[in-house]
Amino acid sequence: MKVAVAGKGGSGKTTISATLSRLLARRGHKVTAIDGDPNPNLGVALGMSQDHLRDLTRVPKEIMEVKEEGERRTLVLTRPVEEIEAEYGTEGPDGVRLMVMTGVDHAGAG
Amino acid sequence: MRGLLGELATGTNGETVTVTDMEASIEHMSRATVRHVDAMLMVTEPYFRSLETVGRIAPLARELGIEHVWAVANKVRSARDEEIIRSYCAEHGIELGAVVPWDEAIQEADREGQALMDFNRDAPAVAVIEGIADLVEGTAGNSGRGEHG
């Protein structure tokens, strides 16, 4: 189940994303929260400490490559998903896992 | 071929929920990022430019075949605020999934650098977001696309 939360900056999407993640985790779901914002603050909104977040490595751009198929450009992973989650995910309150992206949306997929 | 976020979610088992806080600006929202999303929540405040962003995201989400697309009204202080959002959504054929009230607890939690859940589990906004969790749970397993296993 994949949920995307969008909206204009300042609309409160980070608070809603974080609270939704925590509530779903409390209901027994295995939740991964993904911060796709270039100024990431989902971790703090989830209730992770600054110390915890300081040690977090962002998922690097190199994990993806752009594949051209005629007119279409798509992003593909260069490593297995499980590896990426294990290496870059960190666990926070209620067991929510957090991953912070690096510039996903500027990788040029069309 | 799937976008990264799609891969991250589909590569794991069906009980997993991913919640992605997207980049703010629609201009940078790539198709690859959102292509394999089951549900999109478009958070909006009760003023025109915020609603306009929702008005631009919604057609893209539909075009990408995202099955559940909801606006979520946020920071709603009055019946008038709610009405502005309701009428915009009605005019644009957008389903309004939830109305989150203005909640001082959110500002206070922000100031303290705390999660809203930890600051005040009983805050009015949290109760409404429980309703959003119900919506999200309701979408799991009824899409009929066989992609959740």
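Conventions and cut-offs
- Residues numbered from 1 in each chain as written.
- Chains lettered and ligands numbered in written order.
- Predicted model: local features only at pLDDT ≥ 70, side-chain atom pairs only at ≥ 80, totals over all residues.
- Pairing = 2+ DSSP bridges.
- Helix = DSSP H or I, 4+ residues; strand = E, 2+ residues; numbered from the N terminus.
- Contact = placed C-beta atoms within 7 Å.
- Axes fitted to C-alpha atoms, helices over the stretch in contact; angles between N-to-C directions.
- Expected span 1.5 Å × (residues − 1).
- Buried ≥ 20, exposed ≤ 12 C-beta atoms within 10 Å, placed from the backbone.
- Arc of directions from axis to C-beta.
- Core = buried A, V, L, I, M, F, W, Y, C linked by C-beta atoms within 7 Å.

Peer 1: Pulling in residues and values, what's your account of the sheet that holds strand β3 (residues 68-76) of chain B?
Peer 2: Read from one edge to the other, the open sheet built from eight strands follows the order β5(A)-β6(A)-β2(A)-β1(B)-β1(A)-β2(B)-β3(B)-β4(B), with strand pairing classed as mixed. Only two strands of the sheet have a single neighbouring strand rather than two, namely β5 (90-91) of chain A together with β4 (95-101) of chain B. Examined bridge by bridge, β3 of chain B and β4 of chain B share five bridges and lie parallel to one another. Across the sheet, residue Ala71 of chain B finds its bridge partner in β4 of chain B, namely Leu96 of chain B. Here helix α1 (residues 13-26) of chain A sits on the sheet in contact with β1 (2-7) and β2 (30-35) of chain A together with β1 (16-21), β2 (39-44), β3 and β4 of chain B, set at roughly 170 degrees to β1 of chain B. Packing against the sheet, helix α3 (residues 48-63) of chain B makes contact with β1 of chain A together with β2 and β3 of chain B, and its axis sits at approximately 165 degrees to β2 of chain B.

Peer 1: With reference to specific residues and values, describe helix α4 (residues 79-91) of chain B.
Peer 2: Residue and element names in this part refer to chain B. An ideal rise of 1.5 Å per residue puts 18 Å on 13 residues; α4 measures up with 18 Å between its terminal C-alpha atoms. Buried within α4 are the following residues: Ile85, Tyr88 and Cys89. Down the axis of α4, the buried side of the element spans an arc of 100 degrees, and every buried residue falls inside it. The outward face of α4, more than 90 degrees from its buried face, is lined by the exposed residues Ala79, Arg80, Glu83, Ser87, Ala90 and Glu91. Among the structural elements, β2, α3, β3 and β4 are those in contact with the buried residues of α4.

Peer 1: Describe the nonpolar core, naming the residues involved and giving the relevant values.
Peer 2: Ranked by internal contacts, the top residues of the largest apolar core, which has 67 residues, are Val3 of chain A together with Leu41, Met42, Val72 and Ile129 of chain B. In terms of residue count, helix α7 (residues 124-139) of chain B provides more of this core than any other element does, seven residues in total. With near-sequence residues (within four places) excluded, Met42 of chain B lies in contact with Ala6 and Gly7 of chain A together with Val54, Ile57, Ala58, Trp70, Ala71 and Val72 of chain B.

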